[in-house]
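Listed here are the chains, written in short residue letters.
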Amino acid sequence: MFKKNQESLKAIKSHIRSEDYTSIVTLAQEIREWAAKMPQYFPEGSDNEPSEASPAIWTDFSGFKNAAMQNETAARQLIGAAQSEDQKAVVNGFRAVAASCKSCHQSYKLD
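Residues numbered from 1 in each chain as written. Predicted model: local features only at pLDDT ≥ 70, side-chain atom pairs only at ≥ 80, totals over all residues. Heavy atoms only, no water.

**Focus: the pattern of salt bridges**
Reasoning step 1: Evaluation of the coordinates by the stated rule reveals 4 salt bridges.
Reasoning step 2: A salt bridge links E30 to K4; its shortest N-O distance comes to 2.8 Å. With E30 in helix α2 (residues 21-37) and K4 in helix α1 (residues 2-18), the pair connects residues that are 26 residues apart, well separated along the chain.
Reasoning step 3: A relative accessible area of 29% places E30 in the partly exposed class.
Reasoning step 4: Judged by relative accessible area, which is 36%, K4 ranks as partly exposed. (Salt bridge = Lys/Arg side-chain N within 4 Å of Asp/Glu carboxyl O. Helix = DSSP H or I, 4+ residues; strand = E, 2+ residues; numbered from the N terminus. Buried < 20%, exposed > 50% of the residue type's maximum accessible area, 1.4 Å probe, protein only.)

**Examining the side chain of E72**
Reasoning step 1: Among the structural elements, E72 can be located in helix α4 (residues 61-83).
Reasoning step 2: Non-local contacts of E72, meaning those with residues more than four positions away in its chain, are made with R32, A35 and A36. (Contact = heavy atoms within 4.5 Å.)

**Details of the packing of aromatic side chains**
Any pair of aromatic rings gets described here by the distance separating the centres and the angle formed by the planes.
Reasoning step 1: Tallied over the entire structure, the rule returns 7 aromatic pairs.
Reasoning step 2: Taking the centre distance of 6.2 Å and the plane angle of 55° together, the rings of F2 and F42 count as tilted. Of the two residues, F2 sits in helix α1 while F42 sits in the loop between α2 and α3 (56-59), which places them 40 residues apart along the sequence.
Reasoning step 3: Assessed through its relative accessible area of 10%, F42 is described here as buried. (Phe/Tyr/Trp six-rings, centres within 6.5 Å; stacked < 30°, edge-to-face > 60°.)

**A closer look at helix α5 (residues 87-108)**
Reasoning step 1: The end-to-end C-alpha separation of α5 is 31 Å, in line with the 32 Å expected for 22 residues at 1.5 Å each.
Reasoning step 2: Buried within α5 are the following residues: V90, G93, F94, V97, S100, C101, C104 and Y108. Burial along α5 is one-sided: seen end-on, the buried residues are contained in an arc of 125°. Those residues of α5 that are exposed and angled more than 90 degrees off the buried face are K88, R95, K102 and Q106.
Reasoning step 3: Looking at where α5 begins, the residue whose side-chain oxygen comes 3.3 Å from the main-chain nitrogen of K88 is D86. (Expected span 1.5 Å × (residues − 1). Arc of directions from axis to C-beta. Polar contact = N/O pair within 3.5 Å; in protein donor to acceptor, adjacent residues only side chain to side chain.)

The following block contains the structure:
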């Protein structure tokens, strides 16, 4: 799902250029849905190969859940911006989603 999110972000960037708001909504909804259930995919003891997850997920699980929630919130805002066809808000929403991904990866993904 993380790779799918990465592909979705690239596609959203392209759809921003063409102002294809319907496609942006669809992709942002997929990101939001994954963010909402992401913590469930990291139960204690799931840190073995081929996981790229940092042990910090389990030592700071509430922080990880909060990071997933921030991603979900950012995706929800992007959805709203795309639904209103507000190009500036869509660009800002996209940046917020990308920043939430990057922030979580910096804290909870192995290099």
